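Chain by chain, the residues:
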Number of protein chains: 2
Amino acid sequence: MALIDQHNAAVRNGLLAALPLADLARLRPKLHLVELPFNQTLYSMDDTLDTVLFPESGMVSLLATLDDGEQIEVGIAGREGLVGLPLVFGDDRSLVEARVQMEGTALRIGAAAFRDEMEQSDALRTLLLRYALAFHAQITLSAACNARHAIEQRLARWLLIAHDRIEANDFPMTHEFISMMLGVRRPGVTIAAGILQKAGLIHYARGRMAVTDRPGLEAASCECYHTARREFARLLGAGAAQHSD
Amino acid sequence: MALIDQHNAAVRNGLLAALPLADLARLRPKLHLVELPFNQTLYSMDDTLDTVLFPESGMVSLLATLDDGEQIEVGIAGREGLVGLPLVFGDDRSLVEARVQMEGTALRIGAAAFRDEMEQSDALRTLLLRYALAFHAQITLSAACNARHAIEQRLARWLLIAHDRIEANDFPMTHEFISMMLGVRRPGVTIAAGILQKAGLIHYARGRMAVTDRPGLEAASCECYHTARREFARLLGAGAAQHSD
DNA sequence: CGGCCTATGTTCGATTCCGAACGCTCGAAT
DNA sequence: ATTCGAGCGTTCGGAATCGAACATAGGCCG
């Protein structure tokens with residue numbers, strides 16, 4: 001509300017849309033449209049980050065790799081945010097892997113140019129620090145959620161977060177995939193998804209998944225979803241609240 | 001190494017010690033020594049933050065409160081860092097509660113003065129953003145750790161983190177307390193602690209706990225501990241690496 | 001149409017952890 | 001010394017989840 005105001009409907013990334021026109025104008029020439037193809041790794045663990053991406057659509061997962069080689073999702077970015085958070089903090093390394101989980105497009109800027117802009121624009125710096133804090137809140141809640149909540153609640157939460165980041169009600173998604181994200185077994189997801197489907201909250205079939213009762217799904221989720229969403233709204237304005245609308 | 005250099009041995013907080021002398025000198029008159037008594041809540045969920053604390057000793061836990069009223073630890077701060085992280089991001093609210101888990105002292109600065117200093121001092125801003133990123137890494141690893149690792153490993157990790165933040169080998173700590181921190185049952189901690197004690201890694205009795213074989217305890221912990229520690233060292237210099245020395 | 005791969009359904013036993021007790025014992029206070 | 005409470009040890013049944021299979025079925029491709 002306070003910060004976010006859709007200056008330009010053509011700007012589909014929430015952060016860019018929230019910038020004052022002058023700052024956006026200065027940034028624009030440095031931004032280049034790129035595709036985010038499904039399953040592409042945008043950067044790996046310990047890579048040097050050379051770009052920041054402002055997604056316009058699609059969904060990017062941040063994955064931590066454990067000692068046993070398993071990966072687990074520790075964060076999600078979509079058009080409400082950016083990919084390459086360490087650069088906001090002035091660092092150029094990442095502990096996690098960024099991988100495209102639903103295809104889309106993004107606006108890309110080089111790390112050096114990004115750094116320049118961060119120094120020159122108070123509005124950009126302020127905005128991105130707020131985003132960083134909102135993202136931090138989401139991870140914090142995930143840490144608590146992973147420790148205490150049942151698969152079914154976590155699945156509902158995850159589906160809501162995914163649903164927030166796409167335009168359609170229906171999106172490609174397998175149980176196998178979700179099980180990796182949540183760090184649980186695949187049958188565990190099948191069971192939990194079966195319960196949600198019987199309750200009429202979702203519908204799925206062979207690699208596609210649809211939310212059929214969004215309020216119901218929200219009720220089935222743990223509060224972590226709502227808390228994170230509120231925090232995004234508070235810090236970045238209602239318009240940035242992860243786009244369930 | 002690069003950033004941290006003990007300018008003044010009397011400065012016991014790692015972040016303050018890493019500041020250039022000029023910046024530290026400007027900050028000093030605004031810092032006031034305060035006690036951190038055991039179990040004191042420094043701020044609660046949704047409080048407005050009016051101070052930043054730079055601990056000199058002791059340990060402060062950040063606790064998330066879940067829907068059922070249970071609390072679970074989602075972060076730890078000691079003399080390597082600060083309490084009041086949202087103010088570094090330009091915000092003055094917190095989603096979590098900050099509570100003193102081991103008594104100590106801290107240097108305190110008002111939120112307004114802190115904000116002024118952040119604007120004036122590039123060194124302070126850079127340093128605190130790096131700390132924020134290191135802290136962020138720790139939470140990220142906790143999220144993965146909470147989802148996948150067994151109680152015993154998580155207990156070892158927690159004890160190492162606690163051990164890093166105290167001077168003595170021996171510190172007051174009950175199983176009940178740890179169980180709240182880890183988000184598990186108290187007997188679960190007793191079992192896990194019993195195993196670690198039988199292995200000769202720790203010793204405990206009636207509310208006190210001691211690390212008797214630090215390398216062994218590190219081996220018993222999951223890699224999350226080492227990864228987080230490396231990240232602190234990389235971002236803030238070896239001297240800031242959580243003070244196990 | 002038939003083969004084949006992928007996605008989902010289902011089962012098995014084993015393990016971890018839960019929630020809730022109950023008992024013991026150390027150590028401090030009276 | 002006795003009392004008493006906090007901290008720890010231990011047990012119970014049950015729930016959730018694990019790891020590893022195997023079975024079924026949709027859809028693509030030849």
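Residues numbered from 1 in each chain as written. Chains lettered and ligands numbered in written order. Predicted model: local features only at pLDDT ≥ 70, side-chain atom pairs only at ≥ 80, totals over all residues. Heavy atoms only, no water.

## Quick notes on helix α8 (residues 186-198) of chain A
Residues and elements named next belong to chain A.
- Spanning 13 residues, α8 covers 18 Å between terminal C-alpha atoms, matching the ideal 18 Å at 1.5 Å per step.
- Buried residues of α8: Gly188, Val189, Ala192, Ala193, Gly194 and Leu196, and no others.
- Elements that come into contact with the buried residues of α8 comprise α6 (151-164), α7 (175-182), β9 (202-205) and α9 (214-220).
- Just past α8, the residue Gly200 takes up positive phi, approximately 80°. (Helix = DSSP H or I, 4+ residues; strand = E, 2+ residues; numbered from the N terminus. Expected span 1.5 Å × (residues − 1). Buried < 20%, exposed > 50% of the residue type's maximum accessible area, 1.4 Å probe, protein only. Contact = heavy atoms within 4.5 Å.)

## Topic: the side chain of Thr51(B)
Residue and element names in this part refer to chain B.
- For Thr51, the position within the fold is in strand β3 (residues 51-55).
- Judged by its relative accessible area of 18%, Thr51 is buried.
- Ignoring anything within four residues of it in the chain, the contact list for Thr51 reads Val83, Leu87, Arg108, Ile109, Gly110 and Ala111.

## Remarks on the packing of helix α5 (residues 122-148) of chain B against helix α10 (residues 223-236) of chain B
Residue and element names in this part refer to chain B.
- Interhelical geometry of α5 versus α10 gives an angle of 170° and a closest axis separation of 9 Å. For the element pair α5 / α10, the angle class is roughly antiparallel. Here Leu127, Arg130, Tyr131, Leu133, Ala134, Phe135, Ala137, Gln138, Leu141 and Cys145 of α5 lie close against α10, whose contacting residues are Cys224, Thr227, Ala228, Glu231, Phe232, Arg234, Leu235 and Leu236.
- For the contact of α5 with α10, the residue count by class is 13 nonpolar, two polar and three charged. (Axes fitted to C-alpha atoms, helices over the stretch in contact; angles between N-to-C directions. Parallel < 35°, antiparallel > 145°, perpendicular 65-115°, else oblique. Nonpolar A, V, L, I, M, F, W, Y, C, P; charged D, E, K, R; others polar.)

## A few points about the protein's contact with DNA strand D
- Inspection of the region around DNA strand D gives 16 residues, with Arg185(A), His175(B), Arg186(B), Thr190(B) and Arg206(B) positioned closest.
- Here DNA strand D approaches the protein such that, of its atoms within 4 Å, sugar and phosphate make up 44%.
- At 3.0 Å from a base nitrogen of DNA strand D is found a side-chain nitrogen or oxygen belonging to Arg206(B).
- A distance of 3.1 Å separates a phosphate oxygen of DNA strand D from a polar backbone atom of Gly207(B).
- Taken together, the elements giving at least two residues each to the surface near DNA strand D come down to α8 of chain A together with α8 (186-198) of chain B.
- Class assignment for the residues of the surface near DNA strand D results in six nonpolar, five polar and five charged. (Near = heavy atom within 4 Å. Polar contact = N/O pair within 3.5 Å; in protein donor to acceptor, adjacent residues only side chain to side chain.)

## Brief notes about the layout of surface pockets
- Estimates place the volume of the largest pocket at around 770 Å³.
- What lines the largest pocket is a set of 23 residues, and nearest its centre among them are Met118(A), Arg125(A), Leu129(A), Arg125(B) and Leu129(B).
- Elements supplying a minimum of two residues to the lining of the largest pocket: α3 (85-88), α4 (111-120) and α5 (122-148) of chain A together with α3 (85-88), α4 (111-120) and α5 of chain B.
- Per-element accounting of the lining of the largest pocket gives the leading share, five residues, to α5(A).
- For the lining of the largest pocket, the residue count by class is ten nonpolar, four polar and nine charged. (1 Å grid on protein atoms, 1.4 Å probe; cavity = no way out; pocket = protein on both sides within 12 Å on 5 of 7 lines; lining within 4 Å. Points joined across faces, edges and corners; volume = space filled by probe spheres on them.)

## A closer look at the domain arrangement of chain A
Residues and elements named next belong to chain A.
- The domain boundaries assigned to chain A delineate domain 1 (14-146) and domain 2 (150-221).
- The straight-line distance from the C-alpha centre of domain 1 to that of domain 2 is 24 Å.
- Counting from both sides, the interface comprises 22 residues of domain 1 and, opposite them, 16 residues of domain 2.
- Here domain 1 meets domain 2 over a buried area of about 1,500 Å², counting both sides, of which 57% is carbon and sulfur.
- Area buried by domain 1 at its contact with domain 2 is led by Glu73, Met102 and Cys145, which between them contribute 29% of it.
- In this assembly, domain 1 and domain 2 are joined by one salt bridge.
- Measuring nitrogen to oxygen at the nearest pair gives 3.1 Å for the salt bridge that ties Glu80 to Arg165.
- Counting every contact that joins domain 1 to domain 2 gives five residue pairs in polar contact (both at pLDDT 80 or more).
- Of all the secondary-structure elements, those providing two or more residues to the side of domain 1 that touches domain 2 are β4 (59-65), β5 (71-77), β6 (97-102) and α5.
- Within the side of domain 1 that touches domain 2, the residues separate by chemical class into nine nonpolar, nine polar and four charged. (Domains from an automatic or database assignment. Buried area = accessible area lost by both parts, 1.4 Å probe. Salt bridge = Lys/Arg side-chain N within 4 Å of Asp/Glu carboxyl O.)

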